[in-house]
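# Remarks on the overall topology
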Amino acid sequence: MADLEEFPRMDRVSLSKRKYPNLAVETRVLNDEHDDRTAPQFRNRKGKGSHKGRSYDRSRRDRQRGGHAGGFGGPGPRSRLDDTDIDVTMSDSSQDNSSQNRFDPYARPLRKGDGRFDRDRRQGKGRGGGGGFRGGDRGGGGNGAGRSRSGWYKVTIPHGRKYDKKWLLSALQNICTTQYTPVQYHVDHNRVHFYVDDSAAATALHKCSHKITDTDGYKVEVHVNPSAPPSFLLADLKPEHLEHLRQCMAKRFDGSQQALDLNNIRTDPDLASQNIEVTLNRKTNMEAVIKIIEENIPELTGLNLSNNRIHKLDELTDLVSKVPNLKTLNLSHNELKSERELDKVKGLKLVELWLNRNPLCDAFKDQASYISAVRQRFPRLLKLDGHDLPAPIGFDVETPTIIPPCKGSCFGSDEIKVLILRFLTQYYSIYDSGDRQPLLDAYHDGASLSLTTPYTTQNPSRSSLGEYHKDTRNLKRIKDTTVRFRLLKHTRLNVVAFLNELPKTQHDIASFTVDVNTFTNTLLSFTVSGVFKEVAVDGKSRESTMAFSRVFITVPAGNSGLCIVNDQLFIRMATTEEIRRAFVAPAPTPSSSPVPTLTAPQQEMLTAFSLKSGMNLEWSQKCLIDNEWDFNRAAQVFTQLKTDGKIPEVAFIK
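Here, residues in each chain are numbered from 1, in the same order as that chain's written sequence. Confidence filtering applies because this is a predicted model: local features only for residues at pLDDT of at least 70, side-chain atom pairs given and counted only at 80 or more, and all residues used for totals across whole chains, interfaces and linings. The side-chain values count all of the structure's non-hydrogen atoms but skip hydrogen atoms and water molecules.

### Some thoughts on the pattern of salt bridges
- For salt bridges, the criterion is a side-chain nitrogen of Lys or Arg within 4 Å of an Asp or Glu carboxyl oxygen. Within this structure, the stated rule accounts for 20 salt bridges.
- Here Lys344 and Asp314 are joined by a salt bridge, their closest N and O atoms 3.0 Å apart. Of this pair, Lys344 sits in the loop between strand S8 (328–330) and strand S9 (352–354) while Asp314 sits in the loop between strand S7 (302–304) and helix H12 (319–322), and the two are 30 residues apart along the sequence.
- Overall, Lys344 belongs to the partly exposed group, its relative accessible area being 25%.
- Between Arg492 and Asp445 there is a salt bridge, with its nearest N and O atoms 3.2 Å apart. With Arg492 in helix H17 (residues 491–501) and Asp445 in strand S12 (residues 443–452), this pair connects stretches of sequence that are 47 residues apart.
- Residue burial is assigned from relative accessible area. The probe radius is 1.4 Å, only protein chains are included, and a residue is buried under 20% of its type maximum, exposed over 50%, and partly exposed in between. Look at Asp445 and you get exposed, because its relative accessible area is 53%.
- One network of salt bridges, with partners in common, ties together Lys251, Arg252, Asp268 and Asp270. In DSSP terms, a helix is any run of H or I states spanning at least four residues, a strand is any run of E spanning at least two, and both are numbered starting from the N terminus.

### Focus on the sheet that holds S7
- Each pair of strands is called paired provided DSSP finds at least two bridges between the two strands. In spatial order, the strands read S5-S6-S7-S8-S9-S10-S11; together these seven strands make up an open sheet with mixed pairing. For this open sheet the edge positions go to strand S5 (253–254) and strand S11 (387–388), each flanked by a neighbour on one side alone.
- With two bridges connecting them, strand S10 (residues 383–384) and S11 associate as antiparallel partners. Each bridged residue has a counterpart across the sheet, and for Leu384 the counterpart in S11 is His387.

### A short note on the environment of Trp354
- Along the chain, Trp354 turns up in strand S9.
- Spatially, the C-alpha atoms of Trp354 and Asp385 are 4.3 Å apart, while their sequence positions differ by 31 residues.
- The contact criterion used throughout is that any non-hydrogen atoms of two residues lie within 4.5 Å. When sequence neighbours within four positions are dropped, the list of residues in contact with Trp354 reads Leu329, Asn330, Leu331, Ser332, Asp385 and Gly386.
- At 3.1 Å, the side chain of Trp354 forms a polar contact with the side chain of Glu352. Whenever two N or O atoms come within 3.5 Å, that pair is a polar contact, provided that in protein one can donate a hydrogen and the other can accept it, and provided that, for residues adjacent in sequence, both atoms are side-chain atoms.

### Points about the sheet that holds strand S2 (residues 183–188)
- In space, the four strands of this open sheet follow the order S2-S3-S1-S4, with antiparallel pairing throughout. Looking at strand neighbours, the two that pair on one side only are S2 and strand S4 (223–227), the edges of this open sheet. Going across the sheet, the axis of each strand differs from the next one's by a mean of 20 degrees, ignoring polarity.
- The sheet contact formed by strand S1 (residues 152–157) and S4 spans five bridges and is antiparallel. By the bridge assignment, Val155 is partnered in S4 with Val224. Only the contacting stretch of a helix is used when fitting its axis, a line to C-alpha atoms as for every element, and angles between N-to-C directions run 0 to 180 degrees.

### What about helix H11 (residues 283–296)?
- Take the residue count of a helix, subtract one, and multiply by 1.5 Å to get its expected span. With 14 residues, H11 should cover 20 Å at 1.5 Å per step; its first-to-last C-alpha distance of 20 Å lies within 8% of that length.
- Turning to H11, its buried residues are Asn285, Met286, Ala288, Val289, Ile290, Ile292 and Ile293.
- Buried positions along H11 lie against helix H9 (239–252), strand S6 (259–261), S7 and H12.

### Focus: helix H21 (residues 631–643)
- The first and last C-alpha atoms of H21 sit 18 Å apart over 13 residues, in line with the 18 Å expected at 1.5 Å per residue.
- Residue Gly645 follows H21 closely and has a positive phi angle near 70 degrees.

### Regarding the side chain of Lys489
- Inspection of the secondary structure assignment puts Lys489 in strand S13 (residues 489–490).
- Buried and unpaired, Lys489 has no salt bridge, with Asp471 as the nearest side chain of opposite charge at 4.6 Å.
- In contact with Lys489, not counting residues within four places along its chain, are Ala447, Ser448, Leu449, Asn494, Val495 and Phe498. His is not counted, nor are the chain ends, whereas Lys and Arg count as positive and Asp and Glu as negative.

### Thoughts on the nonpolar core
- Among the buried residues, those of types Ala, Val, Leu, Ile, Met, Phe, Trp, Tyr and Cys that are joined through side-chain atoms within 4.5 Å form a nonpolar core. In terms of nonpolar packing, the biggest core is built from 51 residues, with Leu424, Tyr427, Tyr428, Tyr443, Leu499 and Phe526 touching the most fellow members.
- The biggest single contributor to this core is helix H14 (residues 414–431), with eight residues.
- Ignoring anything within four residues of it in the chain, the contact list for Tyr427 reads Leu439, Ala442, Tyr443, Leu499, Arg550, Phe552, Ile564 and Asp567.
- Counting residues in each nonpolar core, the second largest holds 45 residues, with Leu262, Ile293, Leu331 and Leu348 among its members.

### Section: the environment of Glu315
- Locating Glu315 in the fold gives a position in the loop between S7 and H12.
- Remark: the alpha-carbon pair of Glu315 and Ile290, spanning 25 residues in sequence, is separated by 8.5 Å.
- Ignoring any residue separated from it by four or fewer positions in sequence, one finds Glu315 in contact with Lys283, Met286, Glu287 and Ile290.

### So, the environment of Glu221
- Structurally, Glu221 is set in the loop between helix H8 (199–206) and S4.
- The exposure class of Glu221 is buried, given its relative accessible area of 10%.
- A polar contact is formed between the side chain of Glu221 and the side chain of His223, at a distance of 2.8 Å.

Shape descriptors only; they carry no functional weight alone.
Listed below in structure tokens is the structure:
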């Protein structure tokens, strides 16, 4: 009696079944007239002990069909005898999902590796508890929970073949706490399968297990497992599907606003009714959508792609050229993880953009950095995630698509041009000679010089600039102020002594570009840039071509000379284009007598050529010598080189 008082809602049959589960199940089975879901009867075989015949096998099968917490099945004899859950019949229109599962202290736990149950587990049997989320695409469920990497979940209804599709889906939707769209509903043997692509819907469906009672009084099991996408999604859209998609997009297009709403298009009822799933995170599906837009509404100004699980924007790159008038783009509630994805569509001239509810939004430390990063890609943006932004600062003119060609030297006046070109010709004639000691006359007594090479994290000794790295004064590399001061060469003696230690060189005078920075009566600052090669002791130059940029700060010296007070030399490796154009025009050979002894006809030809070409005698002579004193051929070569801009300006200084 004490037991009966402890369980006032249970009758004696229920109580005896708890104490002797096998006996209770056998008694119920003998009185059951159900056919295919009741364990068959076996004749007891002879045996010893308390376990005789196949009684244990029958009880095990029945537990697989039953609702024990131990986990061997769905609606079975026990659930029909005493289940306090509110039943849902075939005619019920409302459901109650507030009931709770009982704990059965006598249930036999599932033992991993038990050979008697391995076969059933492999066949998807023996998984009670109403589903759950376990790895793989198995028909059974479990008591745990998991998340699908693909975002898809497979719902399985054991023995669902006997149910009417409309009734089954309606009954599930009535008690499911989340709206869902079943995808690819199909029957496999006795089971019914369909897919959902929402974890919240999968969880809600999992909780529907054993909450619906069919007309035979059996509880409907619902198994939910993570799954790969449905097979039909792995193929391209068929032509007939494209027509349905086109009609669906036409229905979603607002002609008055020139806007297309493709929000959550994968669950569109018109497409779902045709078993067509348009998944915009798949390349072929997105390309199909963009092609329809291009062919039918290229004047589109607004596009809503929210809630489509888009994680990359590669396919949207075509929008820049195919939908040039697009001003509003909604990418909210997707799975964009990096702001770098926006670089793929930064060519769009957007004024309104929605990105909220994407993982990339959580990567910014504050709202200001978020806005700044987005506006770098879309400088004309006026509204972000529905919030107004300050008006952008910019220019009305369009950014030119072609960079104008680089102009040549800038001197400011012809007087300065003559002065600088004469200085450079004399300076580099000595610098490229075997002895740089005469450069003492070019520097002021208190002159200073610094050498700089590009900053690099690699081993400098492996670079072609290794000879210069040891003396570089790059402030990004040299942090010690004492070392910085030591690397700065002071007084003209130290400057020229340092220049003598540098490798011997050959500069391409024709590559020089000069820009005057400052010019007054007492100071002239200019920058000269060009290329050069190092020359070995035997007179052969190295294969590597280097580039330099040098800032000279000078003061007047003598009647028409310059004296260097500050020299800043920067050396780097030459670019491919600089190497291609280097040393094309012949360089003059430095000499103290630019016009050696010539025959009378050669002297006459040289004077005439200099007069007609405008070049000085030294360069005119070089041109004639290179063409074997053939006046006409030399004139043709000169004309071609001058047209190509390959003759340096120093050639015209007389």
